[in-house]
Amino acid sequence: MKKQNIKPPVILALLTLILFAGFENAYLKWENEEAARIAHEQYVESLENNYGGAYTEGTTAGTLSEEEWEAMETAAQARMDAYKAEMAAKAAATRAEAEALAREKEEAEAAAQADSEEDSMQADSGDAEDAEETDTENPDDEDKPTEDEAAVATDDDAAKEEAEKAAAEAEAKAQEDAEKAAAEAAKAQEEAEKAAAEAAKAQEEAEKAAAQAEMQASVSEYATEVANLVNQYRAEAGLAPLTLSPSLCEAAEIRAAELLISFSHTRPNGQPCVSTFDSLGIPYGYAGDNIAAGQKSASEVMNSWINSPGHKKNIMNPNYSKIGIACYYDASAPYSYYWVQMFTD
């Protein structure tokens, strides 16, 4: 009987596994790139829908700042990284399943080969008995395997051991890849959540700044209203009107913002209020100021000032010919609205 060798099926199975893994990696690479392209297009489309089509790749537009766009793009990239990690985990699981199927096929082929060889040995044994009926049989040799049978058994054991070793290595590698992919996916998810939180915070700050700017633009219009009311009171008293001075309005804006720090006629740095005139190069001979906080309109603040003897004295002072007016708004401040009038001759 010729010696049987079952290694070729094992080699064929391993080659099949390698070719399948190569095709799978190429397909997964294409799938990840295609998924990344589709996700990016959907991200850009969502930005255009949210911001009126103002988004242009690589630029900042719409109502968000450059930092806010970067935060949103970082969140999108983190989500993409999480998606890729998830795909890698699925690929590792697919490879493990393919390797398991290959092992099952290999074991089945080895078992079939062993059964075939056993049947062949039994047939050869029967022929030998028929041809050597006259030989003296030794009862001790009945169970002793022939050299060919021993060689086949040795090959079977070696092939089985090799298959088991390859299966164990493949399973361990697949498990390691799956755990690594899961860890990367968890990290990407954590980064995505962090980036999303930062983007939400940036959006909140942007909305707050926009509301502040809108309100400040609205209260800036109060200057003309207050000036008109001042001149009405002066006309009733037979006094000349005051001219609304841009430079005095600039000084008033500085003082109005300082009132949030220190509600006083003295500036936070300890200097008198008229030091703003010196820093802006505003000449004066006579000078004065009125301050107020909490009033929500021009008429309300003028009513407070005109009914206060000290403030009314500034409004009606015949030595003054110019006025600057400002209102600073901060919703988070104790009084929200802070008013200043500044007078010079």
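If you're wondering where the values come from, they're calculated on a predicted model, not measured in any experiment. (Residues numbered from 1 in each chain as written. Predicted model: local features only at pLDDT ≥ 70, side-chain atom pairs only at ≥ 80, totals over all residues. Heavy atoms only, no water.)

1. Let's talk about the overall build of the protein chain
Inference 1: Helix and strand content of the protein chain: eight helices and four strands.
Inference 2: Listed by position from the N terminus, the elements making up the protein chain come as α-α-α-α-β-α-α-β-α-α-β-β.
Inference 3: Of all 345 residues assigned to the protein chain, the portion counted as buried reaches 32%.
Inference 4: Considering only residue pairs separated by 6 or more positions, the protein chain has 73% of its internal contacts joining residues 24 or more positions apart.
Inference 5: Summing over all exposed atoms, the protein chain offers an accessible surface of approximately 21200 Å²; the carbon and sulfur share of this is 52%. (Helix = DSSP H or I, 4+ residues; strand = E, 2+ residues; numbered from the N terminus. Buried < 20%, exposed > 50% of the residue type's maximum accessible area, 1.4 Å probe, protein only. Contact = heavy atoms within 4.5 Å. Areas by Shrake-Rupley, 256 points an atom, 1.4 Å probe, with all protein chains shown as cover.)

2. Quick notes on the pattern of salt bridges
Inference 1: Scanning the model with the defined rule gives four salt bridges in all.
Inference 2: Taking the shortest distance from any N to any O, the salt bridge between Asp177 and Arg95 comes out at 3.6 Å. Taken together, the residues Asp177 in helix H3 (residues 147-220) and Arg95 in helix H2 (residues 66-131) connect sequence positions 82 residues apart.
Inference 3: Across the pair Arg267 and Glu258 runs a salt bridge whose closest N-O atoms are separated by 2.7 Å.
Inference 4: Overall, Arg267 belongs to the buried group, its relative accessible area being 12%.
Inference 5: Because the salt bridges share partners, they merge into one network encompassing Arg95, Lys173 and Asp177. (Salt bridge = Lys/Arg side-chain N within 4 Å of Asp/Glu carboxyl O.)

3. Quick word on the environment of Glu300
Inference 1: Along the chain, the position of Glu300 falls in helix H7 (residues 298-306).
Inference 2: C-alpha of Glu300 to C-alpha of Val226: the two residues are 74 residues apart in sequence and 9.8 Å apart in space.

4. Details of the sheet that holds strand S2 (residues 287-293)
Inference 1: One open sheet holds the four strands; their spatial order is S1-S3-S4-S2, and the pairing between them is mixed. What marks the edges here is a single partner per strand, and that holds for strand S1 (243-244) and S2.
Inference 2: Across eight bridges, the pairing between strand S3 (residues 322-329) and strand S4 (residues 337-344) is antiparallel. Each bridged residue has a counterpart across the sheet, and for Tyr328 the counterpart in S4 is Tyr338. (Pairing = 2+ DSSP bridges.)

5. Here we look at the packing of helix H4 (residues 222-236) against H7
Inference 1: Two numbers describe how H4 lies on H7: the axes approach to 9 Å, and their chain directions differ by 40 degrees. Viewed along their axes, H4 and H7 adopt a mutual orientation that is oblique. Helix-helix and strand crossings are classified by hand; for H4 and H7 the assignment is right-handed. Across the interface between the two elements, Tyr222, Glu225, Val226, Leu229, Val230 and Tyr233 of H4 pack against Ala298, Ser299, Val301, Met302, Trp305 and Ile306 of H7. (Axes fitted to C-alpha atoms, helices over the stretch in contact; angles between N-to-C directions. Parallel < 35°, antiparallel > 145°, perpendicular 65-115°, else oblique. Left-handed = near helix turned anticlockwise from the far one by under 90°.)

6. Quick look at the nonpolar core
Inference 1: Counting residues in hydrophobic clusters, the biggest one holds 22 residues, and the most contacted among them are Val226, Val230, Trp305, Ile315 and Trp339.
Inference 2: Elements with a minimum of two residues in this core: H4, H7, S3 and S4.
Inference 3: Beyond its immediate sequence surroundings of up to four residues, Ile315 is in contact with Val230, Arg234, Asn290, Met302, Trp305, Ile306, Gln341 and Phe343.
Inference 4: Listed in part, the 15 residues of the second largest apolar core include Val274, Phe277, Ile282 and Tyr338. (Core = buried A, V, L, I, M, F, W, Y, C linked by side-chain atoms within 4.5 Å.)

7. Section: the environment of Ala181
Inference 1: Secondary-structure assignment places Ala181 in helix H3.
Inference 2: Take Ala181: its relative accessible area is 3%, and that puts it in the buried class.
Inference 3: On a C-alpha basis, the gap between Ala181 and Ala88 in space is 6.0 Å, while along the polypeptide they are 93 residues apart.
Inference 4: Once residues lying within four places of it in the same chain are set aside, the contact partners of Ala181 are Ala85, Ala88 and Ala89.

8. Thoughts on the confidence of the model for the protein chain
Inference 1: Across the protein chain, the average pLDDT comes to 79, with 66% of residues at 70 or higher.
Inference 2: Within the protein chain, helix H1 (residues 7-50) has the poorest average pLDDT of any element, 62, and S4 the best, 97. (pLDDT = per-residue confidence, 0-100.)

9. Comments concerning the pairing of S3
Inference 1: Taking burial as the measure, the eight residues of S3 include six buried ones, the bulk of the element.
Inference 2: Inspection of the sheet shows S1 paired to S3 by two bridges, in the parallel sense. If you follow Thr243 over to S3, its bridge partner there is Lys322.

10. Considering unusual backbone geometry
Inference 1: At Ser336, a position not held by glycine, the phi torsion is positive, near 65 degrees.
Inference 2: Tracing the chain through its elements places Ser336 in the loop between S3 and S4.
Inference 3: We classify Ser336 as buried; its relative accessible area is 16%.

11. Quick notes on a negative patch on the surface
Inference 1: Together, Glu104, Glu107, Asp157, Glu161, Glu162 and Glu164 line one region of the surface with negative charge.
Inference 2: Elements supplying a minimum of two residues to the negative patch: H2 and H3.
Inference 3: It is H3 that contributes the most residues to the negative patch, four residues altogether.
Inference 4: Relative to the helices and strands, Glu104 resides in helix H2.
Inference 5: Here Glu104 falls in the exposed class, since its relative accessible area comes to 52%. (Patch = residues over 30% accessible without salt bridge, like charges linked within 9 Å, V, L, I, M, F, W, Y side chains within 5 Å. Lys, Arg positive; Asp, Glu negative; His and termini not counted. Charge placed at Lys NZ, Arg CZ, Asp CG, Glu CD.)

12. Points about helix H5 (residues 246-258)
Inference 1: Here H5 contains 13 residues, and its C-alpha end-to-end distance of 19 Å stays within 8% of the 18 Å for a straight helix at 1.5 Å per residue.
Inference 2: Among the residues of H5, Leu248, Cys249, Ala251, Ala252, Arg255, Ala256 and Glu258 are the ones counted as buried.
Inference 3: The elements touched by buried residues of H5 are S1, helix H6 (275-280), S3 and S4. (Expected span 1.5 Å × (residues − 1).)

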